[in-house]
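The chain contents come next:
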Amino acid sequence: MIEEPLVPPVRASRYRDGGCFSFLITHPGGSLLIHPNANYMVDATRPGLIMPIHWDDFFVSLDRGLRPLPRFFDRFAVARAFLDPKSRESGIAVRFPEPFEVIRPFVR
């Protein structure tokens, strides 16, 4: 946790995460939970679909296709190794969105 304001320039390791927030969006057509970590939420909520967000390397132009962040920043392979078997066991689909794809979760 950051105890006092950081004054740049500082090393990236000085920035600390104090936790995460989940967002529950309700709509007459359904509900949507946005949660930064799928581990606990898959078992607790039994979603109809898991769609990872912010997993891609945002330093690369979208016209070059999506690819994971470098391992230094994110352990994508570890997350994928968790999600793939969990998807097979539970029957819950995992789908990675495409660049510029329009997603309408409440349209039937």
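Let me sum up the structure you'll find in this document. All values derive from a computational prediction rather than experimental measurement.

What to know about a nonpolar patch on the surface
Judged by side-chain polarity, Phe21, Phe23, Ile25, Leu32, Ile34 and Ile53 come together as a nonpolar surface patch covering roughly 570 Å² of accessible area. Elements that contribute at least two residues to the nonpolar patch include exactly β1 (23-27) and β2 (30-34). With respect to the element layout, Phe21 can be found in the segment before β1.

Overview of the side chain of Lys86
Within the secondary structure layout, Lys86 lies in helix α2 (residues 76-90). Once residues lying within four places of it in the same chain are set aside, the contact partners of Lys86 are Val42 and Asp43.

Here we look at the pattern of salt bridges
Taken as a whole, this structure holds two salt bridges when the rule is applied. Here Arg80 and Asp84 are joined by a salt bridge, their closest N and O atoms 3.0 Å apart. You can see Arg80 and its partner Asp84 sitting in helix α2, four residues apart, about one turn around the helix. We classify Asp84 as partly exposed; its relative accessible area is 27%. Close ionic contact of Glu101 with Arg95 constitutes a salt bridge, the shortest N to O distance being 2.9 Å. Assessed through its relative accessible area of 33%, Arg95 is described here as partly exposed.

Notes on the environment of Ser90
Relative to the helices and strands, Ser90 is located in helix α2. Polar contacts involving the side chain of Ser90 include one to the main-chain carbonyl oxygen of Lys86, which spans 2.7 Å.

Reading the values: rules and limits
- Residue indices follow the written sequence of each chain, beginning from 1 at its first position.
- Local features in this predicted model are restricted to residues of pLDDT 70 or higher, and side-chain atom pairs are both shown and tallied only at a pLDDT of 80 or more, whereas totals for entire chains, interfaces and linings draw on every residue.
- The basis for the side-chain values is all heavy atoms of the structure; hydrogens and waters are excluded.
- A residue counts toward a patch only above 30% relative accessible area and without a salt bridge, and it is joined to like-charged neighbours within 9 Å or, for Val, Leu, Ile, Met, Phe, Trp and Tyr, to nonpolar neighbours within 5 Å.
- What sets the accessible areas is the Shrake-Rupley method with a 1.4 Å probe; for residues, cover comes only from the shown protein chains.
- Whenever a carboxyl oxygen of Asp or Glu lies within 4 Å of a side-chain nitrogen of Lys or Arg, that contact is scored as a salt bridge.
- A run of DSSP states H or I qualifies as a helix once it reaches four residues; a run of E qualifies as a strand once it reaches two. Both are numbered from the N-terminal end.
- Contacts are assigned to residue pairs that have any heavy atoms within 4.5 Å of one another.
- Each residue is placed in one exposure class: buried if its accessible area under a 1.4 Å probe, protein chains only, is under 20% of its type's maximum, exposed if it is over 50%, and partly exposed if it falls in between.
- Think of a polar contact as two N or O atoms within 3.5 Å of one another; within protein, one of them needs to be a possible hydrogen donor and the other a possible acceptor, and neighboring residues in sequence only count if both atoms come from side chains.

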